[in-house]
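Secondary and tertiary structure notes
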Amino acid sequence: QRASLVCDPCAAGTAPTPISDACQACPLGTFSGAASAYCTLCLPGRYSVTLQAVSNESCLLCDAGKYSNISGANSEKLCTPCPDGASTESDGAVSLSQCIRPDT
């Protein structure tokens, strides 16, 4: 009789490593829910400084006046300031084109 292997799912904030089924903490700039097969990158316009983050809510929005087109950003420093005199209409901008100058 053959033994069957039952894999326990990874806890939220962790995911299996590519070369084994061992669970590993999701790095900064990513998150995972319970039993996820992989860590998900934070979307552009967001960043996460939380190791082993468990949800998209850990991906913070770049402040108004800044933007980021980087997926998986792991620092607020990756939110680029708009050029002088320009700003964005809201938090979470993803491109320079969202930086606008107010009508003068």
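Refer to the structure above for everything that follows.
A brief look at the structure comes next. Keep in mind it's a predicted model, so treat the numbers as computed, not measured.

**Topic: the pattern of salt bridges**
Summed over the entire model, instances satisfying the criterion amount to one salt bridge. Residues Lys66 and Glu76 are paired through a salt bridge, measuring 2.6 Å at the closest nitrogen-oxygen approach. Residue Lys66 is located in strand β7 (residues 66-67), and its partner Glu76 is located in the loop between β7 and β8 (80-81); the two are separated by ten residues in the primary sequence. What makes Lys66 partly exposed here is its relative accessible area of 23%. Residue Glu76 is classed as partly exposed on the basis of its relative accessible area of 25%.

**Things to note about the side chain of Ser68**
Secondary-structure assignment places Ser68 in the loop between β7 and β8. Here Ile70 takes part through its backbone nitrogen, which lies 3.3 Å from a polar atom of the side chain of Ser68.

**What to know about the state of the cysteines**
Applying the stated criterion across every chain, the model contains five disulfides. Sulfur-sulfur distance for the disulfide between Cys62 and Cys79 comes to 2.0 Å. Linking Cys62 and Cys79, the disulfide has an S-S dihedral of approximately -70° and is accordingly described as left-handed. Placement of Cys62 in the loop between β6 (60-61) and β7 and of Cys79 in the loop between β7 and β8 is noted, with a sequence separation of 17 residues between them. Cys79 carries the same exposure label as Cys62, and that label is buried. Across the disulfide, Cys82 is cross-linked to Cys99 (sulfur-sulfur distance 2.0 Å). Linking Cys82 and Cys99, the disulfide has an S-S dihedral of approximately -75° and is accordingly described as left-handed. Here Cys82, found in the segment after β8, pairs with Cys99, found in the segment after β8; they are 17 residues apart in sequence, far enough to count as distant. The exposure class of Cys82 is buried, given its relative accessible area of 9%.

Each value, and the rule that gives it
- Residues numbered from 1 in each chain as written.
- Predicted model: local features only at pLDDT ≥ 70, side-chain atom pairs only at ≥ 80, totals over all residues.
- Heavy atoms only, no water.
- Salt bridge = Lys/Arg side-chain N within 4 Å of Asp/Glu carboxyl O.
- Helix = DSSP H or I, 4+ residues; strand = E, 2+ residues; numbered from the N terminus.
- Buried < 20%, exposed > 50% of the residue type's maximum accessible area, 1.4 Å probe, protein only.
- Polar contact = N/O pair within 3.5 Å; in protein donor to acceptor, adjacent residues only side chain to side chain.
- Disulfide = S-S within 2.5 Å.

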